[in-house]
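Close look at the chain arrangement
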Amino acid sequence: MDENLTIDHDRILKINIEEEMKSSYIDYSMSVIVARALPDVRDGFKPVHRRILYGMLGIGNTSDKPYKKCARVVGEVLGKYHPHGDSSVYGALVRMGQDWNMRYTLVDGQGNFGSVDGDSPAAMRYTECRLSKMGEHVMDDLEKDTVDMTNNFDDTLTEPSVMPTKIPNLLVNGGNGIAVGMATNMPTHNLGEVIDGCCAYIDNPEIDLEGLMHYIKAPDFPTGAYIYGIQGVKDAYETGRGRVVMRAKAEIESDESHDKIVITEIPYGVNKAQLIEYIAELVKDGKIDGISNANDESGRQGMRIVIDVKRDANANVILNKLFKMTALQSAFSVNNIALVNGRPRLLSLKECVKYFVEHRHDVTIRRTKYDLRKAQERAHILEGLIIACDNIDEVVHIIRASKTPADAQRNLEERFNLDELQSKAIVDMRLSQLTGLRMDQLHAEYEELERMIDYYNRILNDPELCKQVMKDELQEVKEKYGDPRRTEIKYSSEEFNPEDFYPNDPVVITVSHMGYIKRTPLSEFREQARGGVGSKGARHREQDFTEYIYPATMHQTMLFFTKKGRCYWLKCYEIPEGDRNSKGRAIQNLLNIEGDDQVNAFLRLRGLDDEEFINSHYVVFATKNGTVKKTLLEAYSRPRANGVIAINIVEGDEVVDVRLTNGNNELIIANRNGRAVRFHESTIRTMGRVSTGVRGMRLDEGDDAVVGMIVVNDSETENVMVVSENGYGKRSQVEDYRITNRGGKGVKTLAVTEKTGRLVAIKNVTDDNDLMIINKSGVVIRLAVADCRVMGRATQGVRLINLAKKNDVIASVCKVMSSELEATVEEESRAQWAKKSDEIRQDATADGSGGTAGEDDPDEDEGNGGEAPLVDFGGEDDNNE
């Protein structure tokens, strides 16, 4: 070691590294929080914004002067006030001039200041800027000692600690910033609304949130669009934190070839170019079907994003999927943190308004005191000048007799009892002020100053007048810069409605004997002539077959009733879709059904949220042993994942059919032996959900059982259709079945013979209906009811379907509405069929069917082709139409 090297042990300090790190990090954190990242609640600015505006004012870069290079402004701010990187200053400067980020720009920019597509601004040596009119208003009265001035970083200059702004900038332009351990994210608002809210607070400091929201309804974003749902706004205004959901403004334009989704406004903060690119990726990955192209046609007229929808797709469904999967619907997470007296605080709407109003009051008082002082000083001088003018000859004589100006001032002070300021003003007075006109002006100015001094004193002493001055100034700003709201408010739920993602198309719900369920578009079935062999239906496992068929629409609610008397709920769109040949999905995978139970009755409803409807309709049960029960629909209007008890089933019995009634319907119950009983539902008293019921039909000895129940809606236009297991059926008039008491054996409805087989179904039909018949081998046939003539009640009927296989029997019968168009023949060309399908689609859309069904391929059909008829939604399953 060098002998000349010595160590000064007195200058080495031993410290705890943990304490030093903690202290240093706290100092750094407070520096970031207070002097960099968070805005002040009074003027809404961070230090960098405040210094940029003050620097621009200092070099005369105002709205009435030519533009200056942004590099000139950045250099001014860096050299005098903000010793940080030039990119941070330039970035803040540019943002104050971007009209898609700021609701009201404070900087008037010239050149490339970036774009809503996320393009970066040009370098600061290329762009130019100056203060906007509103940017100047932020600094009004700055020279009147309205705010405290602090030293800059090297103590050579002073800068304002806060701006004396007349603009409630924190709310109007919002702000965002990331500090240490906290962040702020405040939305923009409409200037007129905020000023009205501030004036309301000035009048009534006790105003509540609801009162403030009468004026400040919600954020108002510079990019427009919609605020979707108001609850998040209320949360943000009440607590300082909330989630404001924004939706793009989009319309569907239709032309002869296809529909277009046209987007003209997007949510705040969304990058337009990235949005279009992401939509293209979703289409490419197959996550959204039905879009053929997406173009950006924005120009001078404004934003215009055009999404071309494929010919066979539903534009409404695609739009809702875009809302769900892209930034066309975004959420603005409000976090109202700002500096209050140098400390970060989470602020409610009322607190933001309160602190701004208090700041304006402080500025008004300080400005008034400044103006009063200046007015008093000027009045004091004028008093001396007026004395001199009134004694001008003597004043001239005193001045001429004095050797020096100081002697003249001293002599005037002694003669007229003046002070030094007044005597100096007299000595410095020009000869032109001795004219008569100038003498009158001195007196007029003095009188005006007296009035102003009195006014300033009244402002300082009368709180109500001070409030009025504040409101007048705010209203003046509103008249100059106020504009209509850009963001519309949709006072609706913020959550997506699942129904928005599915067109309300007619479907057929099929359930197999072994419990497999699916929904199939009705368009996959074709009408055939009576007596045809049918087309191949679903593929099933061995010993399985389709047992139940029910028409419905995608938005309807299906109530599932099991043979053991439990009730479950599913929306039709929740049922897996399958084509005509698929087997579907096991119901046990969709509903929590016990292993030894199975669904064998259904109701389809539009919804369970209509209080009047569910309290005026009833669910009527029919069991295999002839028991009936009637319960108010309201008892089944609260879905539960595990289902509920729908009816108490005794041992050996099971639910056969369930119908919806309006309280004034007639019921017909039929049994396997071909008998039916007709009675009014009023003979069944209303019971609770878990009750057992009463006898509805007395059965024959042996293996007799109830096969079905129908509700008579109109006995004059409806007929009773019965079908036997060997493919025979007929229809009879309702009046052929006399009304009897509940619990009787009924009358003959079909002559059951060995040829016909026993009864399997009973339906109420009209000439406008079709029947869909399916047998245990899976063959489906669709035939028009009008082809079956009305016969007597006791006849055996006619053959409806030829059973090709030995020992094959009818499994299920379903009623649908017939096609309004004539059936097409098998040889009709594919092009003609496609054209007719288009016509059907357009007719369905015009009729409000809610969507378009898929097209059929005539080459795939085994029977006679035909256009798909619509489902009859007014049948016995649904009395709420």
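Residues numbered from 1 in each chain as written. Predicted model: local features only at pLDDT ≥ 70, side-chain atom pairs only at ≥ 80, totals over all residues. Heavy atoms only, no water.

1. Here's the deal with the overall build of the chain
On a plain count of helices and strands, the chain comes out with 19 helices and 41 strands. Here the chain, with 881 residues, has 52% of them falling under the buried criterion. Partitioning the intrachain contacts of the chain with sequence separation of at least 6 by distance along the chain shows that 73% fall at a separation of at least 24. Counting only carbon and sulfur atoms, one obtains 46% of the accessible surface of the chain, whose full area is about 41,500 Å². (Helix = DSSP H or I, 4+ residues; strand = E, 2+ residues; numbered from the N terminus. Buried < 20%, exposed > 50% of the residue type's maximum accessible area, 1.4 Å probe, protein only. Contact = heavy atoms within 4.5 Å. Areas by Shrake-Rupley, 256 points an atom, 1.4 Å probe, with all protein chains shown as cover.)

2. Brief notes about the UniProt feature "active site" (unreviewed entry) in the chain
According to UniProt, the feature "active site" (unreviewed entry) maps to Y126 in the numbering used here. Mapped onto the elements of the fold, Y126 is located in the loop between β2 (107–110) and β3 (128–131). Given the relative accessible area of 53%, Y126 is considered exposed. (UniProt positions renumbered as here; feature names shortened; annotations may be inferred.)

3. Here we look at the side chain of H82
Relative to the helices and strands, H82 resides in the loop between α3 (70–80) and α4 (86–95). Here the side chain of H82 touches R51 through a polar contact of 2.8 Å, side chain to side chain. Leave out the neighbours within four places in its chain, and H82 touches V48, R51, V77, S88, V89 and F153. (Polar contact = N/O pair within 3.5 Å; in protein donor to acceptor, adjacent residues only side chain to side chain.)

4. Things to note about the packing of helix α14 (residues 405–416) against helix α15 (residues 420–427)
Between α14 and α15, the shortest axis-to-axis distance is 9 Å and the interhelical angle comes to 120°. Considering their axes alone, α14 and α15 lie oblique with respect to each other. Here α14 and α15 pass one another in a crossing that is right-handed. Counted together, P405, A408, Q409, L412 and E413 of α14 and E420, S423, K424, I426 and V427 of α15 form the full contact between these two elements. By residue class, the composition of the contact of α14 with α15 is five nonpolar, two polar and three charged. (Axes fitted to C-alpha atoms, helices over the stretch in contact; angles between N-to-C directions. Parallel < 35°, antiparallel > 145°, perpendicular 65-115°, else oblique. Left-handed = near helix turned anticlockwise from the far one by under 90°. Nonpolar A, V, L, I, M, F, W, Y, C, P; charged D, E, K, R; others polar.)

5. Some words on the packing of α3 against α4
Running from N to C, α3 and α4 cross one another at 120°; their axes reach a closest spacing of 10 Å. In terms of axis orientation, α3 runs oblique to α4. Crossing geometry of α3 relative to α4 is assigned as right-handed. Contacts between α3 and α4 involve C70, V74, V77 and L78 from the first element and D86, V89, Y90 and L93 from the second. Here the contact of α3 with α4 is composed, by residue class, of seven nonpolar, no polar and one charged.

6. Observations regarding a negative patch on the surface
A cluster of like negative charges, contributed by D609, D610, E611 and E612, occupies part of the molecular surface. With respect to the helices and strands, D609 occurs in the loop between β25 (599–605) and α18 (611–614). With relative accessibility at 70%, the residue D609 sits in the exposed group. (Patch = residues over 30% accessible without salt bridge, like charges linked within 9 Å, V, L, I, M, F, W, Y side chains within 5 Å. Salt bridge = Lys/Arg side-chain N within 4 Å of Asp/Glu carboxyl O. Lys, Arg positive; Asp, Glu negative; His and termini not counted. Charge placed at Lys NZ, Arg CZ, Asp CG, Glu CD.)

7. Considering the sheet that holds strand β27 (residues 627–632)
Taken in spatial order, the four strands of this open sheet run β29-β26-β27-β32, and their pairing is antiparallel. One side of each edge strand has no neighbouring strand; the edge strands of this open sheet are β29 (655–661) and β32 (694–695). Across six bridges, strand β26 (residues 618–623) lies against β29 in antiparallel orientation. The residue of β29 that forms the bridge with V619 is L660. (Pairing = 2+ DSSP bridges.)

8. Structural notes on the nonpolar core
Counting 81 residues, the largest nonpolar core has I52, L53, L93 and L191 as the members making the most contacts within it. Looking at which domains feed residues into this core, each of domain 1 (33–165) and domain 3 (356–488) supplies at least three. Setting aside anything within four residues of it in sequence, one finds L53 in contact with F45, M96, L106, L131, V138, M139 and M163. Counting residues in each nonpolar core, the second largest holds 23 residues, with L382, C389, L418 and I426 among its members. (Core = buried A, V, L, I, M, F, W, Y, C linked by side-chain atoms within 4.5 Å. Domains from an automatic or database assignment.)

9. Notes on the pattern of salt bridges
According to the stated counting rule, one finds 47 salt bridges in the structure shown. Close ionic contact of D117 with K272 constitutes a salt bridge, the shortest N to O distance being 2.9 Å. Here D117, found in the loop between β2 and β3, pairs with K272, found in helix α10 (residues 272–284); they are 155 residues apart in sequence, far enough to count as distant. Under the relative-accessibility criterion, D117 is labelled partly exposed at 23%. K272 gets classed as buried once you look at its relative accessible area, which sits at 4%.

10. Points about the sheet that holds strand β23 (residues 566–571)
Taken together, the four strands give an open sheet; going across it, the order is β25-β22-β23-β28, and neighbouring strands pair in antiparallel fashion. Bordering the open sheet on either side are β25 and β28 (644–645), each of which pairs with just one other strand. Two strands pair when backbone bridges link them, and strand β22 (residues 557–562) and β23 are joined in this way by five bridges, in the antiparallel orientation. Opposite F561, over in β23, you have C567 as the bridge partner.

11. Details of the packing of aromatic side chains
Per the stated rule, a full pass over the model turns up nine aromatic pairs. When the ring of F221 is compared with that of Y268, the centres are 5.2 Å apart and the planes differ by 20°; the resulting orientation is stacked. Taken as a pair, F221 in the loop between α8 (209–213) and β8 (226–228) and Y268 in the loop between β11 (259–265) and α10 lie far apart in primary sequence, 47 residues in all. Y268 carries the same exposure label as F221, and that label is buried. Between F221 and F332, the ring centres sit 5.7 Å apart and the planes meet at 45°, which makes this aromatic pair tilted. One end of the pair, F221, is in the loop between α8 and β8; the other, F332, is in strand β14 (residues 329–335), with 111 residues separating them in the sequence. Both residues of the pair, F221 and F332, belong to the buried class. Feature note: the residues F221, Y268 and F332 constitute an aromatic cluster, connected by ring pairs. Lying across the ring of F323, R247 places its NZ or CZ 4.3 Å from the centre. A cation over a ring is seen here: K630 above Y618, with NZ or CZ 4.9 Å from the ring centre. (Phe/Tyr/Trp six-rings, centres within 6.5 Å; stacked < 30°, edge-to-face > 60°. Lys NZ or Arg CZ within 6 Å of the ring centre and 35° of its normal.)

12. Concerning unusual backbone geometry
The phi dihedral of N341 falls on the positive side, at around 55°, and the residue is not glycine. In this fold, N341 is placed in the loop between β15 (337–340) and β16 (343–346). Despite not being glycine, N417 has its phi angle at roughly 60°, a positive value. Mapped onto the fold, N417 is located in the loop between α14 and α15. Given a relative accessible area of 72%, N417 falls into the exposed group.

13. Structural notes on the pairing of strand β10 (residues 249–254)
Pairing geometry for β10 and β11, over six bridges, is antiparallel. Its bridge partner being in β11, K249 is matched across the sheet by E265.

14. Some points on the confidence of the model for the chain
Scored by pLDDT, the chain comes out at a mean of 83, with 87% of its residues at no less than 70. Highest mean pLDDT in the chain belongs to β3 (97); lowest belongs to helix α19 (residues 830–846) (39). Throughout residues 819–881 the model reports pLDDT below 50, and contacts reaching past four residues in sequence, or to other chains, amount to 142 contacts. (pLDDT = per-residue confidence, 0-100.)

15. What about the pairing of strand β33 (residues 706–712)?
The element β33 is largely enclosed, with a buried count of seven among its seven residues. Where strand β30 (residues 666–671) and β33 come together, six bridges link them in antiparallel fashion. Counterpart to L667 in the pairing with β33 is V711.

16. As for the environment of C788
Relative to the helices and strands, C788 resides in the loop between β39 (779–784) and β40 (798–799). Residue class for C788 comes out buried when judged on its relative accessible area of 1%.

17. Quick look at the environment of C70
Position of C70 among the secondary structure elements: in helix α3. The spatial distance from the C-alpha of C70 to the C-alpha of G109 is 8.8 Å, given a sequence separation of 39 residues. Every residue in contact with C70, bar those within four places of it in the chain, is listed here: Y90, L93, F113, M124, T127, E128 and C129.

18. Here we look at α14
Spacing of three or four residues puts side chains on the same side of an α-helix, whose turn is 3.6 residues. Between its terminal C-alpha atoms α14 stretches 16 Å, which fits the 16 Å expected from 12 residues at 1.5 Å a residue. Three or more residues of α14 are buried, namely A408, Q409, L412 and F416. Buried residues along α14 cover an arc of 100° about the axis, so they all sit on one side. Backbone geometry just downstream of α14 places N417 in the positive-phi region, at approximately 60°. (Expected span 1.5 Å × (residues − 1). Arc of directions from axis to C-beta.)

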